[in-house]
Amino acid sequence: MSLELHHCAVVADPGDLLLTRVYPAPFRPSRTPFQRDRERIVQARAFRRLAGKTQVFTSRASDHFRSRLTHTIEVAQIARAAAAALGLQEDLAETLALVHDIGHPPFGHAGERALDKCLKRHGRGFDHNIHALRIVDHFELRYAAHRGLNLTLGVREGIIKHSRDYSIEKHPDLTGLLLEQRPPLEAQLIDLADEIAYLTADLDDGVESGLLEIGHICEHVDIVARCYKTVEREHAGVDEKFLFNEALQLMQNVLTDDLIENTALNTHAIGAESLADIRRHPSRLALFSPEVEAQRLQEKQYLYDTLYTCRALEHEHDKAEEVVTALFDYWINDPEELPVNHFESVEKQGLARVVADYIAGMTDSFILLQYAQIKRAVRR
(Lines give C-alpha, C1' and ligand atoms only; values in the text may rest on other atoms or scores of the structure.)
Protein backbone atom coordinates (compact mmCIF):
# COMPACT_ATOMS: atom_id res chain seq x y z
CA MET A 1 0.00 0.00 0.00
CA SER A 2 1.28 3.44 -0.92
CA LEU A 3 1.40 6.02 1.86
CA GLU A 4 1.29 8.82 -0.70
CA LEU A 5 -1.78 11.05 -0.28
CA HIS A 6 -0.61 14.18 -2.09
CA HIS A 7 -3.79 14.11 -4.21
CA CYS A 8 -5.81 14.66 -1.00
CA ALA A 9 -3.52 17.34 0.45
CA VAL A 10 -4.22 21.04 0.81
CA VAL A 11 -2.74 22.33 -2.44
CA ALA A 12 -2.08 25.92 -1.36
CA ASP A 13 -2.03 27.27 -4.92
CA PRO A 14 -2.78 30.94 -5.56
CA GLY A 15 -6.53 31.44 -5.44
CA ASP A 16 -7.09 28.55 -3.00
CA LEU A 17 -9.89 29.47 -0.59
CA LEU A 18 -7.79 28.25 2.35
CA LEU A 19 -5.16 30.91 1.62
CA THR A 20 -7.57 33.81 2.01
CA ARG A 21 -7.09 36.26 4.86
CA VAL A 22 -9.53 38.71 6.43
CA TYR A 23 -7.26 41.61 5.44
CA PRO A 24 -5.15 41.83 2.25
CA ALA A 25 -1.51 40.87 2.71
CA PRO A 26 1.33 41.52 0.25
CA PHE A 27 2.81 38.56 -1.59
CA ARG A 28 6.18 37.33 -0.31
CA PRO A 29 8.10 35.27 -2.92
CA SER A 30 10.48 33.89 -0.30
CA ARG A 31 7.76 32.28 1.85
CA THR A 32 4.50 30.44 1.30
CA PRO A 33 1.34 31.70 3.05
CA PHE A 34 1.43 28.87 5.60
CA GLN A 35 5.11 29.53 6.30
CA ARG A 36 4.22 33.16 6.96
CA ASP A 37 1.46 32.04 9.32
CA ARG A 38 3.93 29.84 11.16
CA GLU A 39 6.24 32.80 11.66
CA ARG A 40 3.40 35.05 12.80
CA ILE A 41 2.45 32.47 15.41
CA VAL A 42 5.93 31.87 16.81
CA GLN A 43 6.42 35.65 17.08
CA ALA A 44 3.13 36.12 18.94
CA ARG A 45 3.16 37.07 22.61
CA ALA A 46 0.65 34.33 23.40
CA PHE A 47 3.02 31.75 21.91
CA ARG A 48 5.89 32.99 24.07
CA ARG A 49 3.71 32.75 27.16
CA LEU A 50 3.37 29.00 26.61
CA ALA A 51 6.85 28.72 28.16
CA GLY A 52 5.32 29.75 31.48
CA LYS A 53 2.23 27.54 31.37
CA THR A 54 1.76 24.12 32.93
CA GLN A 55 1.66 20.92 30.93
CA VAL A 56 1.18 18.50 33.87
CA PHE A 57 3.25 19.70 36.82
CA THR A 58 2.19 23.06 38.21
CA SER A 59 4.84 23.37 40.90
CA ARG A 60 7.70 22.83 38.41
CA ALA A 61 9.84 21.00 40.98
CA SER A 62 12.21 20.22 38.09
CA ASP A 63 13.33 22.43 35.24
CA HIS A 64 13.16 19.33 33.05
CA PHE A 65 9.38 18.90 33.11
CA ARG A 66 7.54 19.87 29.93
CA SER A 67 5.86 23.24 29.66
CA ARG A 68 3.12 23.99 27.16
CA LEU A 69 5.82 25.39 24.88
CA THR A 70 8.14 22.39 24.90
CA HIS A 71 5.15 20.09 24.49
CA THR A 72 4.03 22.16 21.50
CA ILE A 73 7.43 21.80 19.86
CA GLU A 74 7.26 18.02 20.31
CA VAL A 75 3.80 17.93 18.73
CA ALA A 76 5.04 19.99 15.78
CA GLN A 77 7.90 17.55 15.22
CA ILE A 78 5.52 14.58 15.06
CA ALA A 79 2.90 16.36 12.95
CA ARG A 80 5.40 17.50 10.36
CA ALA A 81 6.96 14.04 10.12
CA ALA A 82 3.55 12.43 9.63
CA ALA A 83 2.48 14.98 7.02
CA ALA A 84 5.75 14.53 5.13
CA ALA A 85 5.42 10.75 5.11
CA LEU A 86 1.89 11.05 3.68
CA GLY A 87 2.74 13.69 1.09
CA LEU A 88 0.49 16.26 2.77
CA GLN A 89 1.01 20.01 3.22
CA GLU A 90 3.81 19.98 5.81
CA ASP A 91 3.82 23.72 6.51
CA LEU A 92 0.12 23.70 7.34
CA ALA A 93 0.46 20.68 9.64
CA GLU A 94 3.42 22.22 11.46
CA THR A 95 1.69 25.58 11.83
CA LEU A 96 -1.44 23.97 13.28
CA ALA A 97 0.68 22.00 15.72
CA LEU A 98 2.46 25.16 16.86
CA VAL A 99 -0.82 27.00 17.47
CA HIS A 100 -2.91 24.11 18.84
CA ASP A 101 -2.37 24.90 22.56
CA ILE A 102 -2.20 28.68 22.37
CA GLY A 103 -5.67 29.08 23.92
CA HIS A 104 -4.95 27.16 27.14
CA PRO A 105 -5.10 29.08 30.44
CA PRO A 106 -2.52 28.70 33.25
CA PHE A 107 -2.34 25.55 35.41
CA GLY A 108 -3.10 23.13 32.58
CA HIS A 109 -6.39 21.27 32.50
CA ALA A 110 -7.04 22.10 36.17
CA GLY A 111 -6.98 25.81 35.33
CA GLU A 112 -9.22 25.27 32.33
CA ARG A 113 -11.79 23.34 34.38
CA ALA A 114 -11.80 26.05 37.04
CA LEU A 115 -12.24 28.83 34.49
CA ASP A 116 -15.05 26.92 32.78
CA LYS A 117 -16.83 26.49 36.13
CA CYS A 118 -16.56 30.20 36.84
CA LEU A 119 -17.99 31.12 33.46
CA LYS A 120 -20.83 28.62 33.74
CA ARG A 121 -22.10 30.57 36.75
CA HIS A 122 -22.62 33.41 34.30
CA GLY A 123 -24.22 31.33 31.57
CA ARG A 124 -21.03 30.95 29.55
CA GLY A 125 -18.19 28.46 29.21
CA PHE A 126 -14.52 28.22 28.29
CA ASP A 127 -13.32 26.38 25.19
CA HIS A 128 -9.58 26.60 24.52
CA ASN A 129 -9.98 26.13 20.74
CA ILE A 130 -12.41 29.02 20.47
CA HIS A 131 -10.25 31.09 22.78
CA ALA A 132 -7.22 30.34 20.58
CA LEU A 133 -9.09 31.73 17.58
CA ARG A 134 -9.97 34.88 19.53
CA ILE A 135 -6.29 35.27 20.43
CA VAL A 136 -5.06 35.11 16.83
CA ASP A 137 -8.01 37.11 15.44
CA HIS A 138 -8.32 39.80 18.08
CA PHE A 139 -5.99 39.88 21.06
CA GLU A 140 -2.61 39.80 19.33
CA LEU A 141 -1.60 43.37 18.42
CA ARG A 142 1.34 43.50 16.02
CA TYR A 143 0.17 45.31 12.91
CA ALA A 144 -0.68 48.92 12.18
CA ALA A 145 -3.62 48.18 9.86
CA HIS A 146 -5.61 45.66 11.91
CA ARG A 147 -6.00 43.65 15.10
CA GLY A 148 -4.90 40.03 15.21
CA LEU A 149 -2.41 38.03 13.17
CA ASN A 150 -4.54 37.94 10.00
CA LEU A 151 -3.92 34.22 9.48
CA THR A 152 -5.12 32.23 6.48
CA LEU A 153 -8.50 30.53 6.54
CA GLY A 154 -6.73 27.15 6.45
CA VAL A 155 -5.00 27.83 9.76
CA ARG A 156 -8.03 29.46 11.37
CA GLU A 157 -10.21 26.51 10.37
CA GLY A 158 -7.64 24.07 11.75
CA ILE A 159 -7.42 25.92 15.08
CA ILE A 160 -11.11 25.28 15.63
CA LYS A 161 -11.52 21.85 14.07
CA HIS A 162 -8.27 19.96 14.70
CA SER A 163 -9.57 18.09 17.76
CA ARG A 164 -13.37 18.13 17.53
CA ASP A 165 -16.33 19.13 15.39
CA TYR A 166 -18.49 22.19 15.96
CA SER A 167 -21.97 22.87 14.62
CA ILE A 168 -23.01 26.20 13.20
CA GLU A 169 -26.28 25.94 15.18
CA LYS A 170 -24.43 25.97 18.49
CA HIS A 171 -21.62 28.25 17.35
CA PRO A 172 -22.94 30.86 14.91
CA ASP A 173 -19.92 33.00 15.83
CA LEU A 174 -17.77 30.54 13.86
CA THR A 175 -19.52 31.23 10.55
CA GLY A 176 -17.10 31.07 7.63
CA LEU A 177 -14.91 28.30 9.06
CA LEU A 178 -16.48 25.51 6.96
CA LEU A 179 -18.07 23.81 9.97
CA GLU A 180 -20.30 21.72 7.72
CA GLN A 181 -17.23 19.98 6.26
CA ARG A 182 -14.57 17.65 7.66
CA PRO A 183 -11.19 19.33 8.19
CA PRO A 184 -8.30 18.45 5.86
CA LEU A 185 -6.04 15.55 6.80
CA GLU A 186 -3.36 18.04 7.85
CA ALA A 187 -5.68 19.27 10.61
CA GLN A 188 -6.95 15.81 11.49
CA LEU A 189 -3.40 14.67 12.24
CA ILE A 190 -2.84 17.29 14.95
CA ASP A 191 -4.98 15.84 17.72
CA LEU A 192 -3.31 12.44 17.41
CA ALA A 193 0.17 13.97 17.15
CA ASP A 194 -0.75 15.71 20.41
CA GLU A 195 -1.76 12.36 21.92
CA ILE A 196 1.50 10.73 20.86
CA ALA A 197 3.55 13.59 22.30
CA TYR A 198 1.90 13.73 25.69
CA LEU A 199 1.55 9.97 26.16
CA THR A 200 5.31 9.74 25.71
CA ALA A 201 6.22 12.87 27.63
CA ASP A 202 3.92 12.33 30.62
CA LEU A 203 5.39 8.91 31.31
CA ASP A 204 8.86 10.46 31.08
CA ASP A 205 7.99 13.37 33.38
CA GLY A 206 6.10 11.03 35.71
CA VAL A 207 9.20 8.89 36.23
CA GLU A 208 11.40 12.00 36.51
CA SER A 209 9.09 13.30 39.26
CA GLY A 210 9.27 10.05 41.24
CA LEU A 211 5.49 9.62 41.03
CA LEU A 212 5.74 6.73 38.57
CA GLU A 213 8.01 3.69 38.59
CA ILE A 214 9.35 2.07 35.44
CA GLY A 215 8.56 -1.44 36.61
CA HIS A 216 4.99 -0.53 37.49
CA ILE A 217 4.48 1.09 34.09
CA CYS A 218 5.75 -2.02 32.29
CA GLU A 219 3.43 -4.20 34.35
CA HIS A 220 0.32 -2.20 33.39
CA VAL A 221 0.97 -0.64 29.97
CA ASP A 222 1.36 -3.26 27.25
CA ILE A 223 2.88 -1.07 24.57
CA VAL A 224 5.58 0.19 26.93
CA ALA A 225 6.30 -3.34 28.16
CA ARG A 226 6.82 -4.61 24.60
CA CYS A 227 9.04 -1.68 23.66
CA TYR A 228 11.06 -2.04 26.87
CA LYS A 229 11.68 -5.76 26.20
CA THR A 230 12.78 -4.96 22.65
CA VAL A 231 15.38 -2.38 23.70
CA GLU A 232 16.48 -4.52 26.66
CA ARG A 233 17.43 -7.30 24.24
CA GLU A 234 19.43 -4.84 22.17
CA HIS A 235 21.16 -3.15 25.12
CA ALA A 236 21.81 -5.84 27.71
CA GLY A 237 23.18 -4.59 31.01
CA VAL A 238 22.30 -0.93 30.42
CA ASP A 239 20.84 1.11 33.28
CA GLU A 240 17.03 0.92 33.60
CA LYS A 241 16.55 4.65 33.06
CA PHE A 242 18.35 4.58 29.70
CA LEU A 243 16.37 1.53 28.63
CA PHE A 244 13.16 3.36 29.55
CA ASN A 245 14.22 6.38 27.48
CA GLU A 246 14.86 4.10 24.50
CA ALA A 247 11.52 2.33 25.07
CA LEU A 248 9.64 5.64 25.07
CA GLN A 249 11.32 6.68 21.83
CA LEU A 250 10.41 3.33 20.27
CA MET A 251 6.83 3.68 21.50
CA GLN A 252 6.57 7.13 19.95
CA ASN A 253 7.81 5.72 16.66
CA VAL A 254 5.33 2.82 16.83
CA LEU A 255 2.44 5.20 17.45
CA THR A 256 3.54 7.62 14.74
CA ASP A 257 4.09 4.90 12.15
CA ASP A 258 0.68 3.41 12.93
CA LEU A 259 -1.00 6.80 12.56
CA ILE A 260 0.68 7.30 9.18
CA GLU A 261 -0.12 3.83 7.88
CA ASN A 262 -3.70 3.70 9.13
CA THR A 263 -4.49 7.20 7.82
CA ALA A 264 -3.27 6.12 4.39
CA LEU A 265 -5.22 2.86 4.63
CA ASN A 266 -8.45 4.64 5.61
CA THR A 267 -8.06 7.23 2.87
CA HIS A 268 -7.38 4.64 0.17
CA ALA A 269 -10.27 2.50 1.46
CA ILE A 270 -12.85 5.21 0.68
CA GLY A 271 -11.32 5.83 -2.74
CA ALA A 272 -10.50 9.44 -1.93
CA GLU A 273 -8.96 11.27 -4.86
CA SER A 274 -9.07 14.85 -3.64
CA LEU A 275 -9.41 17.11 -0.62
CA ALA A 276 -13.10 17.41 -1.46
CA ASP A 277 -13.48 13.67 -0.84
CA ILE A 278 -11.88 14.06 2.60
CA ARG A 279 -14.20 16.94 3.42
CA ARG A 280 -17.33 15.06 2.39
CA HIS A 281 -16.55 11.87 4.30
CA PRO A 282 -18.88 11.36 7.31
CA SER A 283 -16.04 10.66 9.75
CA ARG A 284 -12.38 11.49 10.27
CA LEU A 285 -9.77 9.39 8.49
CA ALA A 286 -6.65 10.22 10.51
CA LEU A 287 -6.90 7.47 13.12
CA PHE A 288 -4.86 4.78 14.83
CA SER A 289 -5.52 1.17 13.89
CA PRO A 290 -7.98 -0.60 16.23
CA GLU A 291 -5.16 -2.56 17.91
CA VAL A 292 -3.02 0.50 18.58
CA GLU A 293 -6.06 2.55 19.59
CA ALA A 294 -6.76 -0.03 22.31
CA GLN A 295 -3.17 0.27 23.49
CA ARG A 296 -3.43 4.06 23.49
CA LEU A 297 -6.58 3.95 25.60
CA GLN A 298 -4.94 1.56 28.06
CA GLU A 299 -1.96 3.88 28.50
CA LYS A 300 -4.17 6.95 28.79
CA GLN A 301 -6.26 5.27 31.50
CA TYR A 302 -3.09 4.30 33.33
CA LEU A 303 -1.92 7.92 33.33
CA TYR A 304 -5.28 9.09 34.67
CA ASP A 305 -5.27 6.46 37.39
CA THR A 306 -1.68 6.83 38.53
CA LEU A 307 -0.49 10.35 37.61
CA TYR A 308 -3.15 12.88 36.69
CA THR A 309 -5.33 12.08 39.71
CA CYS A 310 -2.61 11.14 42.21
CA ARG A 311 -2.66 12.84 45.60
CA ALA A 312 0.40 15.00 44.93
CA LEU A 313 -1.09 16.49 41.78
CA GLU A 314 -4.61 16.69 43.23
CA HIS A 315 -3.21 19.14 45.78
CA GLU A 316 -1.82 21.25 42.92
CA HIS A 317 -5.15 21.05 41.07
CA ASP A 318 -7.04 22.20 44.17
CA LYS A 319 -4.66 25.13 44.52
CA ALA A 320 -5.13 26.00 40.85
CA GLU A 321 -8.92 26.04 41.26
CA GLU A 322 -8.62 28.20 44.37
CA VAL A 323 -6.40 30.75 42.62
CA VAL A 324 -8.45 30.95 39.41
CA THR A 325 -11.77 31.17 41.26
CA ALA A 326 -10.56 33.79 43.73
CA LEU A 327 -9.21 36.04 40.99
CA PHE A 328 -12.28 35.60 38.82
CA ASP A 329 -14.58 36.55 41.70
CA TYR A 330 -12.35 39.46 42.69
CA TRP A 331 -12.57 41.11 39.27
CA ILE A 332 -16.24 40.26 38.84
CA ASN A 333 -16.96 42.09 42.10
CA ASP A 334 -14.56 44.96 41.42
CA PRO A 335 -14.13 45.28 37.62
CA GLU A 336 -12.44 48.67 37.86
CA GLU A 337 -9.41 46.83 39.23
CA LEU A 338 -8.93 45.23 35.81
CA PRO A 339 -6.21 46.69 33.56
CA VAL A 340 -7.60 49.60 31.56
CA ASN A 341 -7.45 47.85 28.19
CA HIS A 342 -9.53 44.96 29.57
CA PHE A 343 -11.98 47.16 31.47
CA GLU A 344 -12.70 49.08 28.26
CA SER A 345 -13.93 45.83 26.65
CA VAL A 346 -16.52 45.06 29.32
CA GLU A 347 -19.43 46.87 27.66
CA LYS A 348 -18.94 45.02 24.36
CA GLN A 349 -17.83 41.56 25.56
CA GLY A 350 -19.51 41.30 28.96
CA LEU A 351 -17.70 41.33 32.30
CA ALA A 352 -17.45 37.56 32.79
CA ARG A 353 -15.87 37.00 29.38
CA VAL A 354 -13.41 39.85 29.82
CA VAL A 355 -12.30 38.55 33.23
CA ALA A 356 -11.90 35.05 31.79
CA ASP A 357 -9.90 36.40 28.85
CA TYR A 358 -7.55 38.22 31.21
CA ILE A 359 -6.99 35.14 33.37
CA ALA A 360 -6.61 32.79 30.40
CA GLY A 361 -3.71 34.81 29.06
CA MET A 362 -1.67 34.59 32.25
CA THR A 363 1.32 32.37 32.86
CA ASP A 364 1.47 30.27 36.03
CA SER A 365 3.91 32.64 37.72
CA PHE A 366 1.95 35.77 36.79
CA ILE A 367 -1.37 34.43 38.06
CA LEU A 368 0.25 33.46 41.38
CA LEU A 369 1.64 37.00 41.65
CA GLN A 370 -1.83 38.45 41.00
CA TYR A 371 -3.30 36.10 43.58
CA ALA A 372 -0.75 37.17 46.21
CA GLN A 373 -1.49 40.82 45.48
CA ILE A 374 -5.26 40.49 45.89
CA LYS A 375 -4.81 38.48 49.09
CA ARG A 376 -2.76 41.34 50.50
CA ALA A 377 -5.33 43.87 49.29
CA VAL A 378 -8.19 41.95 50.89
CA ARG A 379 -6.31 41.66 54.21
CA ARG A 380 -5.82 45.43 54.30
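Because the structure is predicted, anything quoted here is derived from the model rather than measured.

Thresholds, definitions, all that
Residues numbered from 1 in each chain as written. Predicted model: local features only at pLDDT ≥ 70, side-chain atom pairs only at ≥ 80, totals over all residues. Heavy atoms only, no water. Salt bridge = Lys/Arg side-chain N within 4 Å of Asp/Glu carboxyl O. Helix = DSSP H or I, 4+ residues; strand = E, 2+ residues; numbered from the N terminus. Buried < 20%, exposed > 50% of the residue type's maximum accessible area, 1.4 Å probe, protein only. Expected span 1.5 Å × (residues − 1). Core = buried A, V, L, I, M, F, W, Y, C linked by side-chain atoms within 4.5 Å. Contact = heavy atoms within 4.5 Å. Phe/Tyr/Trp six-rings, centres within 6.5 Å; stacked < 30°, edge-to-face > 60°. Lys NZ or Arg CZ within 6 Å of the ring centre and 35° of its normal. Polar contact = N/O pair within 3.5 Å; in protein donor to acceptor, adjacent residues only side chain to side chain. Axes fitted to C-alpha atoms, helices over the stretch in contact; angles between N-to-C directions. Parallel < 35°, antiparallel > 145°, perpendicular 65-115°, else oblique. Nonpolar A, V, L, I, M, F, W, Y, C, P; charged D, E, K, R; others polar. Left-handed = near helix turned anticlockwise from the far one by under 90°.

A. Up close: the pattern of salt bridges. Applying the stated criterion to the full structure yields 28 salt bridges. Taking the shortest distance from any N to any O, the salt bridge between glutamate 157 and lysine 161 comes out at 2.6 Å. Within this pair, glutamate 157 and its partner lysine 161 are both found in helix α7 (residues 153-161), separated by four residues, close to a single helical turn. For the pair glutamate 157 and lysine 161, a shared accessibility class is recorded, and that class is buried. Taken together, the salt bridges that share partners define one network made up of Arg31, Arg38, Glu39, Arg80, Glu90, Asp91 and Glu94.

B. Just helix α14 (residues 311-333), in detail. A rise of 1.5 Å per residue sets the reference length of α14, with its 23 residues, at 33 Å; its end C-alpha atoms lie 33 Å apart and thus fit the reference within 8%. Within the sequence span of α14, burial applies to Leu313, Glu316, His317, Ala320, Val323, Val324, Leu327, Phe328, Trp331 and Ile332.

C. Representation of the nonpolar core in the model. Judged by nonpolar contacts, the single largest core of 93 residues is most densely connected at Leu203, Ile217, Val224 and Phe244. Ranked by residues supplied to this core, first place goes to helix α8 (residues 185-209) with twelve residues. When residues no more than four places from it in sequence are discounted, the contact partners of leucine 203 are Leu212, Ile217, Val224, Phe244, Leu248, Met251, Glu299, Tyr302 and Leu303. Membership of the second largest hydrophobic core comes to 27 residues, among which are Cys118, Val324, Val355 and Ile374.

D. Focus on the packing of aromatic side chains. The tally for this structure, following the rule as stated, stands at three aromatic pairs. When the centroid spacing of 6.0 Å and the interplanar angle of 65° are considered together, the rings of tyrosine 330 and tryptophan 331 count as edge-to-face. When its relative accessible area of 2% is taken as the criterion, tryptophan 331 is described as buried. Put simply, the rings of Tyr330, Trp331 and Tyr358 touch in pairs and so form one group of aromatic residues. Its end group placed over the ring of tyrosine 166, arginine 164 keeps NZ or CZ at 3.9 Å from the ring centre.

E. Representation of the environment of tyrosine 308. With respect to the element layout, tyrosine 308 can be found in helix α13 (residues 290-308). Along the backbone, tyrosine 308 and alanine 25 are 283 residues apart, and their C-alpha atoms lie at a distance of 44 Å. At 2.5 Å, the side chain of tyrosine 308 forms a polar contact with the side chain of aspartate 202.

F. Geometry of the side chain of histidine 162. Inspection of the secondary structure puts histidine 162 in the loop between α7 and α8. Histidine 162 sits in the buried class, given a relative accessible area of 5%.

G. Representation of the environment of phenylalanine 244 in the model. The topology assignment puts phenylalanine 244 in helix α11 (residues 240-269). Overall, the relative accessible area of 0% leaves phenylalanine 244 in the buried class. Separated by 19 residues in the primary sequence, phenylalanine 244 and alanine 225 place their C-alpha atoms 9.7 Å from one another.

H. Main features of the packing of helix α10 (residues 222-234) against α13. As a packed pair, α10 and α13 sit with axes 8 Å apart at the nearest point and diverge in direction by 100°. Here α10 is positioned roughly perpendicular relative to α13, judged by the angle of their axes. In contact with Asp222, Ile223 and Arg226 of α10, α13 contributes Gln295, Gln298 and Glu299. Classifying every residue of the contact of α10 with α13 by side-chain character gives one nonpolar, two polar and three charged.

I. Inspection of the packing of helix α4 (residues 90-99) against α7 at higher detail. Here α4 crosses α7 at 50°, and the two axes come no closer than 10 Å. For the element pair α4 / α7, the angle class is oblique. The chirality of how α4 crosses α7 is right-handed. In this structure, α4 contributes Leu92, Thr95, Leu96 and Val99 to the contact, and α7 contributes Gly154, Val155, Gly158 and Ile159. Here the residues of the contact of α4 with α7 are counted per class, giving five nonpolar, three polar and no charged.

J. Local environment of unusual backbone geometry. Here phenylalanine 107, not a glycine, exhibits a phi torsion of approximately 65°, which is positive. Take phenylalanine 107: it is sitting in the loop between α4 and α5 (108-120). Taking the relative accessible area as the measure of exposure, phenylalanine 107 reaches 3% and is therefore buried. Phi at asparagine 150 is positive, roughly 55°, even though this residue is not glycine. Here asparagine 150 lies in the loop between α6 (128-139) and α7.

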